[in-house]
Amino acid sequence: MNRLKQILVSGLAAGVVLAAVSSAGCVAEYTDGCPPEVDCRLSLSFTSDTGSGKLGDYIRSIEFYVFDASTGVLARTIEVGAEDIARGWIDIVDMPDGTYTFVAWGSSYGDMARSFVAVRMENAAEHRYGEIEVGHTTLDDFYMMLDHTTLPTGSEAQIAPARADFDDLFWSSAVDIGVVDRGRQIIPFVFIRNTNVLEIVVTGLEHLPAPATRADAPISIFATGSNGRYRWNNTIDEWARTVLYKRSAHTLTDETMGVDIKTMRLDTRRHTADNPMLLHLRDAAGDTIVPPLDILKMIMETRSAETGQLLYPDQAAIDRAYRFGIKVEIEPAPPVPVTGIELSLDDLTLEVDTQTDLTVIFTPADATDLRVVWTSIEPSVATVDQRGRVTALRPGVAIITATSVDGGHTASCTVTVVPNNPDTPDPDPGDDPGPDWEGTYGITVRITVVDWNSKDVTPII
């Protein structure tokens, strides 16, 4: 049996009782089997992303908020229990004649308050709110809000869910519905889901530098976006704060990491290019692997590999999908070949028993293989080690040459060695042993939005 959370309607005469009743004798068409005292029936339905399953498989609790359309004031609230949800409807009796707006919120958990709270917004810009109150709360100040914590100044976002694995939220409404005594009117409520899940798989972890910390998560993956609270019509106000969504689950091998991130609804009206929902990927040192990715843009640009058609062209398609697979493939960057080299000096003069360092300048500057081989034509006059340090041995002239491993490009410096001048201090080659010619290799990252049950996708970037 469903329960009325509050029974109060502005202007009701004393002694009038509002009730919601279960009517096992009513049939789906709502005809002769329904009790004559019923004013209206709230019909409940939800189409899942797979198009299958019963309403009760997805929604475990529903709360109706009924507003008087003439005043905009909250007239009553109705809590719908599991029995009525499983049946797919609930009957309302003894409701005064009038025009009403019904707002319905549902949860995948039996107690909506575990993850969400209905509030009366007192100042949206300042994020001040209080408890809803029948007879006082209006449509304009009624909000449904994700239970959250406030983050410190300087964080990636302003708030974070109190639970990373918060429950699914569902919404429906019926606007300006005329209700008459014993009218036995059917009011349909088709729910949409107000949550999404990003199923992210990262491959190629072996191409990242070995993580110094967080060995259980070599990559930090999180999402940010402003969508933590909703008005009665399921829109997000302009002052909604940015939410930090962290992983709710993850798996890890030496090469692959899987992460699930639960977010509130990806909203095409809210998450535009000027206010995107972003996916962040950082390595164990906190360095950005790729610039933040516009999640909704990626999803809406995904095309079928077979037909070329967009898979998620609009909000309805996004709502039906619910879960989105995002594959992140980390690969070694293609090598950038060396096209030429120069030395920091074309000629220099050294006194006997002194040293100095020569530096190789590569073209292009982002060449991949920075290894060179150093040689001296007159090693009895001056020698050079494989880091470019030149040592003067006796008076004379030596040619020091660097040859790039990639491409065999050469550059030379003429070294003139003169006798020692006791009044001249030895050149200080410094503590820096020179650049590491072993070379460093970058990575490339390819992002794909996928249906893990299908290969019918094309890469995004």
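Anything mentioned here points back to the structure above.
Quick caveat, the model's predicted, so the values are computed rather than measured. (Residues numbered from 1 in each chain as written. Predicted model: local features only at pLDDT ≥ 70, side-chain atom pairs only at ≥ 80, totals over all residues. Heavy atoms only, no water.)

Enquirer: Describe the overall build of the chain, naming the residues involved and giving the relevant values.
Expert: Secondary structure assignment for the chain yields 4 helices and 33 strands. Within the chain, the fraction of its 461 residues that count as buried is 45%. A fraction of 69% describes how many contacts in the chain between residues 6 or more apart in sequence connect residues 24 or more apart. As displayed, the chain offers around 21,800 Å² of accessible surface, 50% of which is attributable to carbon and sulfur atoms. (Helix = DSSP H or I, 4+ residues; strand = E, 2+ residues; numbered from the N terminus. Buried < 20%, exposed > 50% of the residue type's maximum accessible area, 1.4 Å probe, protein only. Contact = heavy atoms within 4.5 Å. Areas by Shrake-Rupley, 256 points an atom, 1.4 Å probe, with all protein chains shown as cover.)

Enquirer: Account for the sheet that holds strand β17 (residues 229–231), with residues named and values stated.
Expert: As summarised here, the arrangement of the 4 strands in space is β9-β8-β10-β17, forming an open sheet in which the pairing is antiparallel. Two strands lie at the open edges of the sheet, namely β9 (128–131) and β17, each paired on one side alone. Across the sheet, the mean angle from the axis of one strand to that of its neighbour is 45°, orientation sign disregarded. In this sheet, strand β10 (residues 142–146) lies alongside strand β8 (residues 116–123) in antiparallel orientation, the contact comprising 5 bridges. Across the sheet, residue Arg-120 finds its bridge partner in β10, namely Phe-142. (Pairing = 2+ DSSP bridges. Axes fitted to C-alpha atoms, helices over the stretch in contact; angles between N-to-C directions.)

Enquirer: Mind laying out the environment of Leu-169, listing which residues take part and the relevant values?
Expert: With respect to the helices and strands, Leu-169 occurs in strand β13 (residues 169–179). Sequence separation between Leu-169 and Ile-59 is 110 residues; the distance between their C-alpha atoms is 8.4 Å. Setting aside its immediate chain neighbours within four residues, Leu-169 contacts Trp-105, Gly-106, Phe-116, Met-144, Ile-192, Arg-193, Asn-194, Thr-195 and Met-264.

Enquirer: Could you give an account of the sheet that holds strand β29 (residues 382–384), naming the residues involved and the relevant values?
Expert: Taking strand neighbours across the sheet as the criterion, the 3 strands line up as β26-β30-β29 in an open arrangement whose pairing is antiparallel. A single partner strand is all that each edge strand has here, and the edge strands are β26 (355–357) and β29. With direction set aside, neighbouring strand axes in the sheet form an average angle of 20°. Sheet analysis places β29 next to strand β30 (residues 389–392), joined by 3 bridges and oriented antiparallel. Looking at the pairing, Thr-383 lines up with Thr-391 of β30.

Enquirer: Which residues make up unusual backbone geometry, and what are the values?
Expert: Cis geometry is adopted by the peptide bond preceding Pro-364, which originates at Thr-363 and carries an omega value of -5°. Residue His-127 is not a glycine yet carries a positive backbone phi of 60°. Structurally, His-127 can be placed in the loop between β8 and β9. Not every positive phi belongs to a glycine, and Asp-176 is a case in point at roughly 55°. Within the secondary structure, Asp-176 is located in strand β13.

Enquirer: Could you give me a rundown of the packing of aromatic side chains, with the residues and numbers involved?
Expert: All chains considered together, the criterion is met by 11 aromatic pairs. Arranged with centres 6.3 Å apart and planes meeting at 50°, the rings of Trp-105 and Tyr-230 form a pair that is tilted. Taken together, the positions of Trp-105 in strand β7 (residues 98–107) and Tyr-230 in strand β17 put the pair 125 residues apart, joining distant regions of the chain. In this structure Tyr-230 comes out as buried when scored by relative accessible area, which is 1%. Aromatic side chains Tyr-312 and Phe-324 sit 5.1 Å apart centroid to centroid with 75° between the ring planes, which places their arrangement in the edge-to-face category. (Phe/Tyr/Trp six-rings, centres within 6.5 Å; stacked < 30°, edge-to-face > 60°.)

Enquirer: How would you sum up the environment of Ser-172? Please name residues and give values.
Expert: Considering the arrangement of structural elements, one finds Ser-172 in strand β13. Here Ser-172 falls in the buried class, since its relative accessible area comes to 3%. Along the primary structure Ser-172 and Val-190 are separated by 18 residues, whereas in three dimensions their C-alpha atoms are 6.1 Å apart. When near neighbours in sequence (up to four residues on either side) are disregarded, Ser-172 contacts Phe-102, Val-103, Ala-104, Phe-189, Val-190 and Phe-191. Among the polar contacts listed, one links the side chain of Ser-172 to the backbone oxygen of Val-190, at a separation of 3.2 Å. (Polar contact = N/O pair within 3.5 Å; in protein donor to acceptor, adjacent residues only side chain to side chain.)

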